[in-house]
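Summary of structural features
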Amino acid sequence: QRLLAEPALARLSVTSLVQQGHPADHIIDAAIDVDLVVLGIQGSGTAPMLGTVARQVVHASPVPVLLVPPEGKEPALSSAGAAMLPVQQLVLALHVAQYAPRALALSQALCTLCQATLSVLQVLDPQMFRTYPLDAGSGLSYNIEGTYALLQKRLEEVVPDTFAPGVERLVVIGDPTSTIVQHVHNRQADLVVLSVHTYGDLQKLFTPSTVDALLSQITCPMLVVPMPRDR
């Protein structure tokens, strides 16, 4: 009841549910009937979040999940009293070899809606570059310089200049997690968008991902978009 009295919910039609059981299971079940899940997380400086509700939800939700840490900007109100998204700098962390097309569509829509600046980041992990399913040909997939050049070309194809005004495209060699965190910090990003694989029960327990690592390090909201299930 105290939550429903919050001013931010005053203009919304709200259905409240109180249920017993495992939180992640109930959230995932409820996600079948909605377009977006919004979930608060503990924020930066916490212990690794393996096995937590946030990790389980992002890897099993059929719809995008917006993860909101306690830090960050509060939504402003327009003169008409409507909430305005506080997104001026948006970072899309993209793997052009395999990504959720909806992540691109949502990033483009948010940039248009918020008149935000878009930075698209492709990280090339030097320890894993031979595993990138790029179908490079001509031996490019077997040397890091060729893979770097191919990723740049693919990034321009996936995110052309017409995608968003002044779009920035970067291919950076490094560890994915630390590179994304540093890029978000440098750009003072208000939102990070990235794709995520859906996991089965065993994978949820034993398969860490970049999203999992970012959960305890990113201080701005993350919009996590599930890969199509037929991929």
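Residues numbered from 1 in each chain as written. Predicted model: local features only at pLDDT ≥ 70, side-chain atom pairs only at ≥ 80, totals over all residues. Heavy atoms only, no water.

1. Examining helix 3 (residues 101–114)
With 14 residues, helix 3 extends 20 Å between its outermost C-alpha atoms, agreeing within 8% with the 20 Å of an ideal straight helix rising 1.5 Å per residue. Along helix 3, the residues that are buried comprise A103, L104, S107, L110, C111 and C114. Axial view of helix 3: buried residues confined to an arc of 135 degrees, hence all on one face. What points out from helix 3, more than 90 degrees from its buried face, is the exposed set T112 and L113. Following helix 3 by one or two positions, Q115 has its phi on the positive side, about 55 degrees. (Helix = DSSP H or I, 4+ residues; strand = E, 2+ residues; numbered from the N terminus. Expected span 1.5 Å × (residues − 1). Buried < 20%, exposed > 50% of the residue type's maximum accessible area, 1.4 Å probe, protein only. Arc of directions from axis to C-beta.)

2. Here we look at the confidence of the model for the protein chain
Averaged over all residues, the pLDDT of the protein chain is 83; the fraction at 70 or higher stands at 79%. Below a pLDDT of 50 lies the segment residues 45–51, which in the model reaches 10 contacts outside its immediate sequence neighbourhood of four places, other chains included. Across residues 201–207, where pLDDT falls below 50, the model places 10 contacts with residues more than four positions away in sequence or in other chains. (pLDDT = per-residue confidence, 0-100. Contact = heavy atoms within 4.5 Å.)

3. Notes on the pairing of strand 6 (residues 117–124)
On a regular strand, each side chain points to the face opposite its neighbour's, so the side chains alternate between the two faces of the sheet. Counting buried positions over the eight residues of strand 6 gives seven, a clear majority of the element. In this view, the connection linking strand 5 (residues 89–93) to its parallel neighbour strand 6 by way of helix 3 has right-handed handedness. By the bridge criterion, six bridges tie strand 6 to strand 7 (residues 168–173) in an arrangement that is parallel. Counted as the bridge partner of V120 is R169 from strand 7. (Right-handed = clockwise from strand over helix to strand, strands pointing away. Pairing = 2+ DSSP bridges.)

4. What to know about the pattern of salt bridges
Under the counting rule described, the total for this entry stands at three salt bridges. The closest approach of N and O atoms between E168 and R187, which form a salt bridge, is 2.8 Å. With E168 in strand 7 and R187 in helix 5 (residues 176–187), this pair connects stretches of sequence that are 19 residues apart. A relative accessible area of 25% places E168 in the partly exposed class. Under the relative-accessibility criterion, R187 is labelled partly exposed at 26%. (Salt bridge = Lys/Arg side-chain N within 4 Å of Asp/Glu carboxyl O.)

5. A few points about the pairing of strand 2 (residues 65–68)
Only one face of strand 2 is covered, namely the one carrying V65 and L67; the face carrying L66 and V68 has none of its residues buried. Relative to strand 2, strand 1 (residues 37–40) runs parallel, the two being bridged by four bridges. Within strand 2, the position partnered with V37 by the bridge is V65. Two elements, strand 2 and strand 9 (residues 222–226), share three bridges in a ladder whose sense is antiparallel. Residue pairing across strands places L66 opposite L223, the latter belonging to strand 9.

6. Points about unusual backbone geometry
Despite not being glycine, Q115 shows a phi value in the positive range, around 55 degrees. Of note, Q115 is situated in the loop between helix 3 and strand 6. Looking at Q115, the relative accessible area reads 74%, which means it is exposed. One non-glycine residue, Q188, adopts positive backbone phi at about 50 degrees. One can find Q188 in the loop between helix 5 and strand 8 (191–196). With a relative accessible area of 64%, Q188 lands in the exposed category.

7. Notes on the nonpolar core
V65, L67, I180, V184, L194, M222 and V224 are the most contacted members of the largest nonpolar core, which totals 30 residues. Sequence-distant contacts of I180, defined by excluding residues within four places in its chain, comprise A93, L121, V123, T210 and L214. Within the second largest apolar cluster, 28 residues are counted, among which are A103, C111, A116 and A164. (Core = buried A, V, L, I, M, F, W, Y, C linked by side-chain atoms within 4.5 Å.)

8. Brief notes about the environment of Y148
Relative to the helices and strands, Y148 is located in helix 4 (residues 144–158). Accessibility expressed as a relative area gives 25% for Y148, which makes it partly exposed. Spatially, the C-alpha atoms of Y148 and V172 are 8.5 Å apart, while their sequence positions differ by 24 residues. Not counting chain neighbours up to four residues away, the residues in contact with Y148 comprise L124, V171 and I173.

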